[in-house]
Amino acid sequence: MARVVVWHVPVTVTGRTTSLRLFRLRNGRRCAVGFSSAGALAELLGPEQAAVELGEPALRALTAPLGVDELVLNPRLVAAPVVPPAVAAPAAAAPGGPSADGAARPGAAHPTPRSGAQLQRR
């Protein structure tokens, strides 16, 4: 008999209703995610994230009617790096221009996602 691997799958709990959390891949397609351990799930989604344990066949059976056929095990988050809030600059200084002391400041460009990441959280 084949051994079924149990995945820790993130869910949303609203009252007495529990539903799977679905995510999106970089290409925009929806996917379900699973983690090999509760620790891996908590590390990415936080310790307060509710989860259930499901085997891959059960997860596929739950997501198939929704048109979701992509499953990702142990995904990595695609998110911009956390940037501390900018220190208040003089009104005359434009983003990316020189600071009051004449030194160049980095522009206010949007950070880019980390390369190699697989999952986009929306």
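If you're wondering where the values come from, they're calculated on a predicted model, not measured in any experiment.

*Asks:* Account for the pairing of strand S3 (residues 22–25), naming residues and giving values.
*Replies:* Both S3 and strand S4 (residues 30–34) contribute to a ladder of three bridges, which runs antiparallel. In the strand pairing of S4, arginine 24 is matched with arginine 30. Where S3 folds back onto S4 in an antiparallel hairpin, the turn is made up of four residues, including glycine 28, whose phi is positive at roughly 95 degrees.

*Asks:* Pulling in residues and values, what's your account of the sheet that holds strand S2 (residues 17–20)?
*Replies:* The three strands are arranged S2-S1-S5 in an open sheet whose pairing can be described as antiparallel. The open sheet has two free edges, formed respectively by S2 and strand S5 (51–55), since each of these has just one partner strand. In this sheet, neighbouring strand axes are inclined to one another by 45 degrees on average, regardless of whether the strands run parallel or antiparallel. Note that strand S1 (residues 6–14) and S2 share four bridges and pair antiparallel. Following the sheet pairing, valine 13 is matched in S2 by threonine 18. Helix-sheet contacts for helix H1 (residues 38–45) involve S1 and S5, and the interaxial angle to S1 is about 45 degrees. Helix-sheet contacts for helix H2 (residues 56–63) involve S1, S2 and S5, and the interaxial angle to S5 is about 105 degrees.

*Asks:* Give me unusual backbone geometry: which residues, what numbers.
*Replies:* The bulk of non-glycine residues show a negative phi, and the bulk of peptide bonds are trans. In this structure, asparagine 74 is a non-glycine residue whose phi angle is positive, near 50 degrees. Secondary-structure assignment places asparagine 74 in the loop between strand S6 (71–73) and strand S7 (77–78).

*Asks:* A description of the pattern of salt bridges should follow, citing residues and the corresponding values.
*Replies:* Within this structure, the stated rule accounts for three salt bridges. Of the charged contacts, one joins arginine 29 and glutamate 70 as a salt bridge, the two residues approaching to 3.6 Å between their closest N and O atoms. Here glutamate 70 lies in the loop between H2 and S6 and arginine 29 lies in the loop between S3 and S4, a separation of 41 residues in the sequence. A relative accessible area of 40% means that arginine 29 is categorised as partly exposed. Through salt bridges with shared partners, a single ionic network connects Arg29, Asp69 and Glu70.

Thresholds applied
Residues numbered from 1 in each chain as written. Predicted model: local features only at pLDDT ≥ 70, side-chain atom pairs only at ≥ 80, totals over all residues. Heavy atoms only, no water. Pairing = 2+ DSSP bridges. Helix = DSSP H or I, 4+ residues; strand = E, 2+ residues; numbered from the N terminus. Axes fitted to C-alpha atoms, helices over the stretch in contact; angles between N-to-C directions. Contact = heavy atoms within 4.5 Å. Salt bridge = Lys/Arg side-chain N within 4 Å of Asp/Glu carboxyl O. Buried < 20%, exposed > 50% of the residue type's maximum accessible area, 1.4 Å probe, protein only.

Read these as spatial facts, not as claims about activity.
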